[in-house]
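Each chain, letter by letter, is given below.
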Amino acid sequence: MFFMKRAKKTIPFEMNLYALGTVNQIKVYGKNGEKALDEASKRLYEIDNKMSAFKDYSEISKINKSAGKSFEKVSEDTYYVIKKAIEYSNLSEGAFNPAVRPLVNLWGIGTDHQEIPKDSDIKNTLKLINYKDILLDDKNRSVMLKVTGQCVDLGAIAKGYAADQVKKILKKNGIKSAIIDLGGNIYALGNKPDGAPWRVGIQNPLTFRGDYMGTVNVTDKSVVTSGNYERYFIKDGRRFHHILDSRTGYPSQNGIISATIISDYSIDGDGLSTCAYVMGLEEGIKLVESTDRAEGIMITEDNKLHVTSGIKGTFEIINHEFKY
Ligand code: AMP
Ligand code: MG
């Protein structure tokens, strides 16, 4: 399932593996790299097995199958991520919605049955996606959905948690320099081997993966982007993408095409990037500023850049089609 390359002094140990519905690449520098990557890969598979919405045996599937019937006891990992997801739902007044899965299934974006649903189907599905129907029992570490047919989806936050867990393992193994890239959800550990900060690319939302519109210089930071280019289809010249607005039942459409968050913890970056994307420019920037634990870069469909107050000096534009 994964392969590793042997490292020389300033050449990293490198691992590529498929988990969490995406391609993950981890590069570590220094001694102990092989052991650290071996542990990291096991941890990624473990998190995927617990939190996947697709795997029949995952804890999320168990919660979804018991919807409307009974509480399910889950691991500390899953309970923590669900609690964090709900924290972001409350903070964004429902823009972030871990109960959105029935709507995700209806649209099928990125699958072989993607299409614009009928209005009546959207209307019916909207009744099922209230995040307040995710009931928590702290004492028994158990979760239940109130109504049959409801489903939990941690797709907007699990990769952030996984990146934090990989970082923890690398640090425990004495690694001081690494890049953790979980399908574009990045954590830059320490500095580059030459001592300079890591330079992380921000995806150009209008082109292809790996084409950057700018970079940020970071040390011990997570860089996460939510964008309309990740998964989408085009119909009649309109783009239908994978980040959904629970009020309309349609892909979020408020002028934002990408929202990047720079933070200490990747779970916060992943949560906040989705929040900011759905909340839109003004509210999104306001939310990020209010947390005191993150900076943000938002791009609107007129190619304009909007940033939080602490970002200047870190962020460099490399494609001047994008302007403040
Ligand atoms: P991200 O790329 O982190 O913004 O997460 C997007 C993924 O989260 C989608 O592919 C869906 O599985 C799920 N999702 C879609 N809309 C929302 C939403 N409003 N809140 C939370 N998760 C969502
Ligand atoms: Mg996210």
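Structure shown above.
All values derive from a computational prediction rather than experimental measurement.

*Asks:* How should I be thinking about the overall build of the chain in this particular structure?
*Replies:* Broken down by element type, the chain carries eight helices and 17 strands. By the compact-globule yardstick of 20 Å for 324 residues, the chain fits well, its C-alpha radius of gyration being 19 Å. Relative to its 324 residues, the chain shows a buried fraction of 54%. When the accessible surface of the chain is totalled, it reaches about 15300 Å², and 50% of it is carbon and sulfur. Across the chain, 45 positive and 41 negative side-chain charges occur, with their mean positions spaced 4 Å apart.

*Asks:* For this particular structure, what's the right way to read helix H8 (residues 281-291)?
*Replies:* Residues spaced three or four apart along an α-helix face the same direction, because each turn holds 3.6 residues. Along H8, the positions that sit buried rather than exposed are Gly284, Ile285, Leu287, Val288 and Thr291. The buried side chains of H8 occupy one side of the element, clustering within an arc of 160 degrees when seen end-on. For H8, the exposed residues set more than 90 degrees away from the buried face come down to Glu282, Lys286 and Ser290. Its buried side turned inward, H8 meets helix H3 (76-91), strand S14 (256-263), helix H7 (266-279), strand S15 (294-300) and strand S16 (305-307). The first or second residue beyond H8 is aspartate 292, which carries a positive phi of 65 degrees.

*Asks:* Before we go on, may I ask you to explain the pattern of salt bridges in this structure?
*Replies:* Any two side chains of opposite charge can pair, so long as their charged atoms come close to each other. In total, this model carries 21 salt bridges according to the counting rule given. For arginine 141, the salt bridge identified is with glutamate 76, shortest N-O distance 3.6 Å. Here arginine 141, found in the loop between strand S5 (134-137) and strand S6 (142-145), pairs with glutamate 76, found in helix H3; they are 65 residues apart in sequence, far enough to count as distant. The class for glutamate 76 is exposed, based on a relative accessible area of 58%. One salt bridge connects glutamate 316 with arginine 199, and the closest N-O pair in it is separated by 3.8 Å. With glutamate 316 in strand S17 (residues 315-317) and arginine 199 in strand S9 (residues 198-203), the pair connects residues that are 117 residues apart, well separated along the chain. Each of Arg43, Glu46, Lys50 and Asp77 takes part in a single network of salt bridges with overlapping partners.

*Asks:* I tried to follow the side chain of arginine 43 on my own but got confused; where do I start?
*Replies:* Structurally, the position occupied by arginine 43 is in helix H1 (residues 33-51). Within the local environment of arginine 43, its side chain forms a polar contact with the side chain of aspartate 77, the two groups lying 2.9 Å apart. Within the structure, arginine 43 has its side chain in polar contact with the side chain of glutamine 165 (distance 2.9 Å). Setting aside residues up to four positions removed in sequence, arginine 43 forms contacts with Asp77, Tyr161, Gln165 and Ile169.

Each value, and the rule that gives it
- Residues numbered from 1 in each chain as written.
- Chains lettered and ligands numbered in written order.
- Predicted model: local features only at pLDDT ≥ 70, side-chain atom pairs only at ≥ 80, totals over all residues.
- Heavy atoms only, no water.
- Helix = DSSP H or I, 4+ residues; strand = E, 2+ residues; numbered from the N terminus.
- Rg over C-alpha atoms; globule rule 2.2 N^0.38 Å.
- Buried < 20%, exposed > 50% of the residue type's maximum accessible area, 1.4 Å probe, protein only.
- Areas by Shrake-Rupley, 256 points an atom, 1.4 Å probe, with all protein chains shown as cover.
- Lys, Arg positive; Asp, Glu negative; His and termini not counted.
- Charge placed at Lys NZ, Arg CZ, Asp CG, Glu CD.
- Arc of directions from axis to C-beta.
- Contact = heavy atoms within 4.5 Å.
- Salt bridge = Lys/Arg side-chain N within 4 Å of Asp/Glu carboxyl O.
- Polar contact = N/O pair within 3.5 Å; in protein donor to acceptor, adjacent residues only side chain to side chain.

Limitation: the analysis is restricted to geometry and does not speak to function.
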